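Per-entry structural report
Below are the chains, spelled out letter by letter.
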There are 4 protein chains.
Amino acid sequence: MKNYVRKINYYETDQMHIVHHSNYIRYFEEARLFWMEESGLAYDKVEEMQLIIPVLFVNAKYLKPARYGDIIEIKTKITKFDGLKFEYSYEIYNQETHELLVTGTSGHAFLTPDMKPVRLKRAYPELFESINKIVDECI
Amino acid sequence: MKNYVRKINYYETDQMHIVHHSNYIRYFEEARLFWMEESGLAYDKVEEMQLIIPVLFVNAKYLKPARYGDIIEIKTKITKFDGLKFEYSYEIYNQETHELLVTGTSGHAFLTPDMKPVRLKRAYPELFESINKIVDECI
Amino acid sequence: MKNYVRKINYYETDQMHIVHHSNYIRYFEEARLFWMEESGLAYDKVEEMQLIIPVLFVNAKYLKPARYGDIIEIKTKITKFDGLKFEYSYEIYNQETHELLVTGTSGHAFLTPDMKPVRLKRAYPELFESINKIVDECI
Amino acid sequence: MKNYVRKINYYETDQMHIVHHSNYIRYFEEARLFWMEESGLAYDKVEEMQLIIPVLFVNAKYLKPARYGDIIEIKTKITKFDGLKFEYSYEIYNQETHELLVTGTSGHAFLTPDMKPVRLKRAYPELFESINKIVDECI
């Protein structure tokens, strides 16, 4: 799977002269949605199926700061999938120096628009199979 | 009408050590929605009426920067209303020093969810009258 | 210690019609800086001492969504302090319904501007004592 | 000059299901800094010269909304430069449909870190000449 690459924007810095820590949570999301799209699971198609995928938890560990103009590269992996919930892990690197800047994980579930959990295997067997296949390649 | 008051958050600064200029556009919105609510036109009620109020234009002039921890006070006025479109003006002050920091204007329209303009006078005469009354007091 | 209270802004929602999950990380920061100020440790004074307090980690668990217009109330506690590092815990409630929406923790260190750890007890004994006192009341 | 291209992120939408209008002001900045870098005036080099370039004003006209997943393309031009102040204009297009979504302008000045205007011609003749050359090609 390709890594997600992007540049740090000026407005993502704060007066500590580094990227504000909340923005990495957004970069996780960018990387996750890029990853889904690369896997053939574009999020807008999931929303067309009347499914939403809220975030259940997120963890981030900040090792070194990214700064304005840096190019970061994010490795994303799906680490768990049980048909109801799934988890991702992330590693954010400085693309030039190869330093590991931030690591993290996030948890998600497939829900109906009225926030009820969806058991994918029964409700969307094709989607279930395609995710399962991706996870197998991934783990 | 009461002014809208709020404190500058740390994450709203950038590496120039001042509030990032895009955030004042968000403060305009905060002040505008506060103003609507104070006028008895809470935005969630407008959305319940199946109306949306997109922004048609926004202008901002940056005179002096606000910084982390500053308390700002925003004067909001509705300056035009013709039943289809309306305009607001804003003045953002530093509450402690009374210095004028930012001025701006924004334009809006009432639209249906499929983005068609709504002539309020015919479609929502009560809403039309209540805005008209507010505007009269305002101008 | 007083809880931190604030209203959800329109621009903090996303197309899932709920607050984007990254914003709660910002609310944690707002609550933490409010808490520090209430404790007599305003962050701008800490920065005047040439100290910076980066975030080492952050964890958040999303239980229920907040929506535009909701008023949230954040309980903040300092849960660890060893003179080098310290940790906070957060609980975000819907003020009206008293439902618990989000819980979280964050870790921090006092660093010099060139990112070296500061042993507060030796370098800033007064600051060390005042934090220690707050922690004692807290735990 | 190459146009600046980027994809809309999920967290940039709001509950109106479109990009929040404040984000286009950030896209203007992204395009402007991209433009500067393409012109050989990378912003970090300007900051190394101890110059800051605050925003004096910004105007935006919203014609059509961008949505999550859209790819936008931004045409940027420098439209004025008198050695003290300069202005940019922007056009944001949907890359796929070629529709014009947003237009805007912004004004800037070169300042010293203590916010005093810098007359570039005298203080930084080389920078002055290189901007002048770019502007000539541009207008």
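Note that the structure is a prediction, hence the values are computed from the model and not measured.

**Digging into the relation of the copies chain D and chain C**
Superposing chain D onto chain C requires a rotation of 180° together with a translation of 0.0 Å along the rotation axis, leaving an RMSD of 0.0 Å. One copy is carried onto the other by what is essentially a two-fold rotation axis. Comparing interface residues between copies, 100% of those in chain D also lie at the interface in chain C; the contact surface is shared.

**Some words on the pairing of strand β3 (residues 71-81) of chain C**
Moving residue by residue along a regular strand, the side chains alternate between the two faces of the sheet. Residue and element names in this part refer to chain C. Across four bridges, strand β1 (residues 4-7) lies against β3 in antiparallel orientation. Residue R6 lies in a different strand from β3, and its bridge partner there is I72. Taken together, the nine bridges between β3 and strand β4 (residues 85-94) define a ladder with antiparallel strand orientation. Bridge pairing links T76 to Y90 in β4. What sits between β3 and β4 in their antiparallel hairpin is a turn of three residues, with G83 showing a positive phi close to 90°.

**Comments concerning the interface of chain D and chain C**
Residue-level contacts link nine residues of chain D with nine residues of chain C. Among the residues chain D hides against chain C, the three largest losses belong to Y10, Q15 and H17 of chain D. Together they make up 58% of the total. Inspection of the chain D/chain C interface yields zero salt bridges. For the pair chain D and chain C, the number of links is four residue pairs in polar contact (both at pLDDT 80 or more). Classifying every residue of the side of chain D that touches chain C gives four nonpolar, four polar and one charged.

The rules behind the values
- Along each chain, the written sequence defines residue order, and numbers are assigned to residues from 1.
- For naming, the first written chain is A and the first written ligand is 1, with later ones following in the order written.
- Only residues with pLDDT of at least 70 get local features here, since the model is predicted, and only at 80 or more are side-chain atom pairs given and counted; chain-wide, interface and lining totals rely on the full set of residues.
- The side-chain figures draw on all heavy atoms in the structure; neither hydrogens nor water molecules are used.
- What sets the superposition is a least-squares fit of C-alpha atoms, and only residues with pLDDT of at least 70 in both copies go into it.
- Contacts were defined at the residue level, with two residues in contact if any of their heavy atoms lie within 4.5 Å.
- In short, DSSP must find at least two bridges between two strands for them to pair.
- The way it works is that DSSP assigns letters per residue, a run of H or I at least four long becomes a helix, a run of E at least two long becomes a strand, and they are numbered from the N terminus.
- By buried area we mean how much accessible surface two parts lose on assembly, using a 1.4 Å probe and totalling the loss over both.
- Between Lys or Arg on one side and Asp or Glu on the other, a salt bridge is scored when a side-chain nitrogen of the former is within 4 Å of a carboxyl oxygen of the latter.
- Pairing of N or O atoms within 3.5 Å defines a polar contact, subject to two protein rules: one partner must be a possible hydrogen donor and the other a possible acceptor, and residues neighboring in sequence count only if both atoms are side-chain atoms.
- Residues are grouped as follows: Ala, Val, Leu, Ile, Met, Phe, Trp, Tyr, Cys and Pro are nonpolar; Asp, Glu, Lys and Arg are charged; every other residue, Gly included, is polar.

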